[in-house]
Amino acid sequence: MRRLLFIPIAFALLAATTTIAGAANPAGTPTSSMTLDPTSGPPGTEFTVSNVEEDVCVTKGPTEVDLTAPGAEPEAQTVPADLDGNWEATFTVPEDTEVDEITVNAECHFAGELQPTGVQGVRAIPQQTPPAIVVYDPVTFTVTQPDTTTTTTTTEPTTTTTEPDTLDESDVAEGVVAQPTLTG
């Protein structure tokens, strides 16, 4: 009887632990959040994607984040996570983009180069891309209409008129009477 009671309690604890630890995608990889700044703008806008403070890409060893943003420039890039697990990437909305949405996806995984894992006949079988440690929930950038407001500034020519100086009594010096001295 104790065993039958123990099994439901164990499943309840496992479910509670999974809920507290965070959601997981169907493959069992934890999901995290990332942020977008700005969240919308016209063609030509640069936007930055980064992890939110508590959702870092940290493990034992170097990690990097693969990002895809179909419709942005570049469409895909890999950025390193710093020692604290923080990362960011910048994308640009192409000038010829219509009003649309650009969805950004990201996965954190161990950094490293592909290495042979075995030999089959005479060719090496490359190691597969390391599995994701964290899969970030997608974020969406909204492409808006380009700003078509035209500002025209006109200035009117200015005319400067100068009045001739007029003299009044205070401007006139008093006369001095002098006697010339003639020398020989």
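Refer to the structure presented above.
1. Structural notes on the pairing of strand β8 (residues 100-110)
Stage number 1. Pairing of strand β5 (residues 63-68) with β8, which is carried by six bridges, proceeds in the antiparallel orientation. Following the sheet pairing, Val-65 is matched in β8 by Cys-108.
Stage number 2. Bridge analysis of β8 against strand β11 (residues 134-143) gives eight bridges, and the strand direction is antiparallel. Bridge assignment links Asp-100 to a residue of β11, and that residue is Val-143.

2. Topic: the sheet that holds strand β2 (residues 34-37)
Stage number 1. Strands sit in the order β2-β4-β7 across an open sheet of three strands; the sheet is antiparallel. Across the chains shown, the open sheet's two edge strands, defined by having one partner strand only, are β2 and β7 (88-92). Going across the sheet, the axis of each strand differs from the next one's by a mean of 20°, ignoring polarity.
Stage number 2. Alignment of strand β4 (residues 46-51) against β7, held across five bridges, turns out to be antiparallel. In the strand pairing of β7, Ser-50 is matched with Glu-88.

3. Regarding the nonpolar core
Stage number 1. Phe-47, Val-49, Leu-67, Trp-87, Phe-91 and Val-104 are the most contacted members of the largest nonpolar core, which has 25 residues in total.
Stage number 2. Counting residues per element, the ones that place at least two in this core are β2, β4, β5, β7, β8 and β11.
Stage number 3. Considering each element in turn, this core owes the most residues, five residues, to β11.

4. Regarding the packing of aromatic side chains
Stage number 1. Per the counting criterion, the structure on display carries three aromatic pairs.
Stage number 2. When the centroid spacing of 4.3 Å and the interplanar angle of 15° are considered together, the rings of Phe-47 and Phe-141 count as stacked. Of this pair, Phe-47 sits in strand β4 while Phe-141 sits in strand β11; the two residues are 94 residues apart in sequence, bridging distant segments of the chain. The pair Phe-47 / Phe-141 is uniform in exposure class, with both members buried.
Stage number 3. With a centroid separation of 5.2 Å and an interplanar angle of 75°, the aromatic rings of Trp-87 and Tyr-136 are classed as edge-to-face. Taken together, the positions of Trp-87 in the loop between β6 (76-80) and β7 and Tyr-136 in strand β11 put the pair 49 residues apart, joining distant regions of the chain. This pair shows no difference in class: Trp-87 is buried, exactly as Tyr-136 is.
Stage number 4. Ring pairs connect the aromatic residues Phe-47, Phe-91 and Phe-141, which therefore count as one cluster.

Conventions and cut-offs
Residues numbered from 1 in each chain as written. Predicted model: local features only at pLDDT ≥ 70, side-chain atom pairs only at ≥ 80, totals over all residues. Heavy atoms only, no water. Pairing = 2+ DSSP bridges. Helix = DSSP H or I, 4+ residues; strand = E, 2+ residues; numbered from the N terminus. Axes fitted to C-alpha atoms, helices over the stretch in contact; angles between N-to-C directions. Core = buried A, V, L, I, M, F, W, Y, C linked by side-chain atoms within 4.5 Å. Buried < 20%, exposed > 50% of the residue type's maximum accessible area, 1.4 Å probe, protein only. Phe/Tyr/Trp six-rings, centres within 6.5 Å; stacked < 30°, edge-to-face > 60°.

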